[in-house]
Structures are given as C-alpha cells and as structure tokens.
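# Residue-level structural notes
Chain by chain, the residues run as shown.
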Amino acid sequence: MIELVPAIDIINGQCVRLTKGDYTQKTVYRDAPAEVAKEFEALGFKRLHVVDLDGAKSKHIVNSQVLHDITTQTRLAVDFGGGIKTDEDIETAFSNGAQMVTIGSIAVTDPDRFLGWLAKYGAERIILGADVRNGKISINGWKDDSTEDLLPFLKRYIDAGVKNVLCTEISKDGTLQGPAIDLYTSVMKTYPQLHLIASGGVSSIDDIRALEAAGIPSVVFGKAIYEGRIDLRQLVSEKVKK
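Presented here is an overview of the structure given in this document.

Calculation notes
Residues numbered from 1 in each chain as written. Predicted model: local features only at pLDDT ≥ 70, side-chain atom pairs only at ≥ 80, totals over all residues. Heavy atoms only, no water. Phe/Tyr/Trp six-rings, centres within 6.5 Å; stacked < 30°, edge-to-face > 60°. Helix = DSSP H or I, 4+ residues; strand = E, 2+ residues; numbered from the N terminus. Buried < 20%, exposed > 50% of the residue type's maximum accessible area, 1.4 Å probe, protein only. Lys NZ or Arg CZ within 6 Å of the ring centre and 35° of its normal. Core = buried A, V, L, I, M, F, W, Y, C linked by side-chain atoms within 4.5 Å. Contact = heavy atoms within 4.5 Å. Polar contact = N/O pair within 3.5 Å; in protein donor to acceptor, adjacent residues only side chain to side chain. Pairing = 2+ DSSP bridges.

Moving on to the packing of aromatic side chains. Counted under the stated rule, the structure contains 5 aromatic pairs. Relative to Y121, the ring of F94 has its centre 5.0 Å away and its plane inclined at 45°; by these criteria the two rings are tilted. Pair noted here: F94 is in helix α4 (residues 87-95) and Y121 is in helix α6 (residues 111-121), with a separation of 27 residues, a long-range link. The exposure class assigned to F94 is buried, which follows from its relative accessible area of 12%. Looking at Y121, the relative accessible area reads 15%, which means it is buried. On the basis of an interplanar angle of 75° and a centroid distance of 5.5 Å, the ring pair of F153 and Y157 is categorised as edge-to-face. Of the two residues, F153 and Y157 both sit in helix α7 (residues 150-159), 4 residues apart, roughly one turn of that helix. Taking relative accessible area as the criterion, F153 reaches 0% and is therefore assigned buried. Residue Y157 is classed as buried on the basis of its relative accessible area, which comes to 1%. One aromatic cluster is present, built from ring pairs that chain together F114, F153 and Y157. Lying across the ring of Y23, K57 places its NZ or CZ 4.9 Å from the centre.

Further remarks concern the nonpolar core. The biggest cluster of nonpolar side chains holds 71 residues, and the ones touching the most others in it are I8, L154 and F221. At 5 residues, the largest contribution of residues to this core is made by α7. If sequence neighbours within four positions are ignored, F221 has contacts with L4, V5, P6, A7, F45, V202, I208, I230, L232 and L235. Ranked by size, the runner-up nonpolar core spans 8 residues in total, among them A7, A77, M100 and V220.

Below, the discussion takes up the side chain of S203. The residue S203 is located in the loop between β11 (195-199) and α9 (205-213) in this model. With a relative accessible area of 14%, S203 lands in the buried category. A polar side-chain atom of S203 sits 2.6 Å from a polar atom in the side chain of D207. Once you skip the residues sitting within four places of it in the chain, S203 turns out to touch L176, G178, A224, R229 and I230.

Residues in a regular strand project their side chains so that they alternate between the two faces of the sheet. Examined bridge by bridge, strand β2 (residues 14-19) and strand β3 (residues 22-30) share 5 bridges and lie antiparallel to one another. When the sheet's bridge partners are listed, R17 is paired in β3 with T27. Between β2 and β3, which follow one another and run antiparallel, lie 2 residues, and K20 among them has a positive phi close to 55°.

Following this line, the structure appears as structure tokens:
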C-alpha cells in the first residue's frame with residue numbers, strides 16, 4: 001500500500017506553496033507550520049516532508065527553528081530538504097530533529113560530498129532528490145537546470161547504495177493537474193527495487209489511488225490539502241499505509 005507523506009514548504013517561517021517552483025507564484029496558507037504538523041499527526045499520519053524554500057534559494061539552511069519546532073512538538077518522522085550544501089547544514093538538519101534529509105543539488109554539483117554523506121549517515125537517512133524539468137535534473141531550488149538526464153543520474157547513485165528517491169516533475173508541481181504517472185512508472189520499471197517517492201501535481205484522492213495502482217511506493221502531496229481538494233479524514237480511513 002502506498003505511503004502517504006503530507007508536505008510543508010516554508011518561506012519566512014510560514015507554510016506556503018509555489019507553482020512550478022516559481023517564487024513569484026507563492027501562496028501563504030498558514031503562519032505556524034508546527035500547528036499544521038500537529039494537525040497531520042492528529043489525523044494519523046506518521047511522516048512529514050518539510051522543505052526550506054528560503055534555504056533552497058539561499059543555498060544554506062534558513063528555517064532550522066521551524067524544523068526544531070515541528071520535531072519537538074510532534075512525533076512525526078520528518079524528512080527535511082532545502083539548502084543542505086555543507087557538512088554544517090546536514091548536521092544542523094539532524095541536530096534539529098530531522099530523521100531523514102532530502103539532497104538534490106549537491107548530488108549534481110559535488111558527487112563526492114554526497115557519497116560521503118551516504119556512507120556516513122546511511123541509505124536509510126539520505127533521500128536523493130531528483131527534480132526533473134524537460135527530462136533534466138534541476139538544482140538550487142529549481143532555479144538552474146543541469147545536463148544530467150534522470151535515469152542515468154539515478155543509476156549512478158542506486159549503484160552506490162541509494163534506496164530512497166524523491167522525484168518531482170517540476171512542470172506538475174503546485175498545478176493540481178495530476179501527477180506524472182508515466183514518468184514514475186518508467187522509473188519503477190527500470191529500478192523496481194527503489195523506494196520512489198512521487199511528488200508534484202496531486203489534486204485528489206483519485207490521483208493517489210492511481211499512483212498506488214501503478215505500484216508507486218510513496219507520495220508527497222501538499223497543495224491539494226491546503227486548497228481543500230483532499231479530505232484527509234476520508235483518505236486516512238481508506239486502506240492506505242500511513
């Protein structure tokens with residue numbers, strides 16, 4: 001059964017969502033992310049995806065206090081991403097309660113550092129972020145495109161021991177137009193051993209059901225919650241892994 005992972009994206013300490021990663025298309029939903037996290041926990045969710053959008057843009061962690069608030073006020077298993085560029089950044093994330101970190105840009109720009117972190121912290125705590133635009137991996141808060149093609153990029157790190165990949169189709173993210181099921185199915189067909197976390201475009205419970213039917217192990221979703229498109233009580237009452 002598919003793993004459900006609600007998302008909280010942070011700018012200026014607030015819970016926000018962007019459209020296609022565009023910082024000029026920002027909607028602020030709540031002022032207290034920790035309170036949102038508590039609500040998710042009360043509904044029965046066990047895991048949370050937190051993105052420091054200020055950090056992604058600034059290339060260093062900015063909202064560590066928000067992470068600390070969430071992890072000290074809930075028992076949610078938090079995976080945290082955004083702005084993790086240095087050894088100090090990754091230690092900041094873990095010391096503020098993150099159980100896992102999502103790392104994308106460094107895997108492109110400094111592979112040796114990424115592999116060092118993978119060896120030091122273990123594959124269970126490191127999630128490879130694979131954010132895709134026009135078939136290429138994007139970095140630095142989706143502001144820059146690399147020359148890396150998705151499947152060879154994944155293969156290099158799966159061969160090195162990566163088990164968890166968060167894959168976001170940027171053109172879908174924040175659009176509520178449905179997830180890129182064909183993309184995720186292609187990844188799973190190529191790497192069936194992978195714990196793939198699909199992200200971007202989820203607009204309804206039906207979208208989550210479709211991902212589950214396609215054999216996708218996990219899904220991150222946020223905007224559909226905040227826009228009232230998904231009834232979380234209905235979702236968690238179904239036979240879906242929480």
